[in-house]
Amino acid sequence: AEESLVDHYATNVGTKEWAGTMCLTEPHAGTDLGIIRSKALPQDDGSYLVSGTKIFISFGDHDLTKNIVHMVLAKAPDSPEGTKGISLFLVPKYLPKEWQSGGVGGLSQELSSTRNGVTCSGVEEKMGIHASPTCVLNFDNSVGWLVGDLNNGMALMFEMMNGARLDSGIMGLSLGEVAYQNSLEWVRERRQGRDLRGVQDPQEVADNILVHPDVRRMLLISKVNNEGWNLGRNSS
Ligand SMILES: Cc1cc2nc3c(=O)[nH]c(=O)nc-3n(C[C@H](O)[C@H](O)[C@H](O)COP(=O)(O)OP(=O)(O)OC[C@H]3O[C@@H](n4cnc5c(N)ncnc54)[C@H](O)[C@@H]3O)c2cc1C
């Protein structure tokens, strides 16, 4: 991306002063991004006006940070069909206060008090992940700048997503391992019934539930899953 964009935005996102989003999904386009409708119209000053609706955007809007930097997939005019014609644009929730046209080189970090045409028109009701507002975002002639080359948006977005996938995988594995360790601790404390092989703790009213075969089976499944053992393949 242009160096001034990196200086102005990436630094603040890197330090977590400002938040960021990735805006791919649209009401009619999830897995198949080749059919997105969001448009980016080039302006004489080198910026673009981005319009379209994005859905399911994680942390799409909130007031935890002063600004939110949206990385938006959209199509420029006359771009090729499908995923080969998608470009990546940086669209901030608030533009720099001093911005009038062109890029952001040399501008201060002070922000305009009016939104850059980006509004949130709904927050999903989800079964879980309630700490993350999953938003419908409307871009209405929002000022944005091209990141990387025209029509190379998918490659850039997926470079980031490859890292994100590893992060998500590690997060899932970590949660699984913590759940296993907490369960193990709990079954060593919790008492119910007696060991089928005979009383283990005669001084207590019941044995730890760790002695019960079904509890041991569930713990074992949890452990082997966390350790990457493919139960289906290895049991066949
Ligand atoms: C909690 C949450 C957070 C999200 N955050 C973001 C975000 O920050 N930014 C963003 O852009 N999006 C986000 N998404 C959207 C997510 O990327 C999409 O849900 C995903 O891309 C799938 O799109 P879809 O929901 O439209 O499902 P669809 O594309 O309609 O797919 C439905 C089902 O059909 C299957 N399917 C689709 N096409 C094929 C095919 N060709 N062959 C076989 N099977 C197929 C899919 O695997 C899926 O099981 C989020 C979603 C959730 C649930």
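Residues numbered from 1 in each chain as written. Predicted model: local features only at pLDDT ≥ 70, side-chain atom pairs only at ≥ 80, totals over all residues. Heavy atoms only, no water.

Caption draft 1: Local environment of the site of the ligand. Taken together, Met-22, Cys-23, Leu-24, Thr-25, Gly-30, Thr-31, Phe-56, Ile-57, Ser-58 and Lys-126 make up the full set of residues near the ligand. The separation between a nitrogen atom of the ligand and a polar main-chain atom of Met-22 is 2.8 Å. Ser-58 is positioned with one of its side-chain polar atoms (N or O) 2.8 Å from a nitrogen atom of the ligand. Counting residues per element, the ones that place at least two in the shell around the ligand are strand S1 (19-23) and strand S3 (48-58). Ranked by residues supplied to the shell around the ligand, first place goes to S3 with three residues. (Near = heavy atom within 4 Å. Polar contact = N/O pair within 3.5 Å; in protein donor to acceptor, adjacent residues only side chain to side chain. Helix = DSSP H or I, 4+ residues; strand = E, 2+ residues; numbered from the N terminus.)

Caption draft 2: Seen up close, the packing of aromatic side chains. Counted under the stated rule, the structure contains four aromatic pairs. The interplanar angle of 80° and the centroid separation of 6.3 Å between the aromatic rings of Trp-99 and Trp-145 together place this pair among those described as edge-to-face. Linking Trp-99 in the loop between strand S5 (87-92) and strand S6 (118-123) with Trp-145 in strand S7 (residues 134-147), this pair joins segments that are 46 residues apart in sequence. Here the two residues Trp-99 and Trp-145 agree in accessibility, since each one is buried. (Phe/Tyr/Trp six-rings, centres within 6.5 Å; stacked < 30°, edge-to-face > 60°. Buried < 20%, exposed > 50% of the residue type's maximum accessible area, 1.4 Å probe, protein only.)

Purely geometric numbers; function is a separate question.
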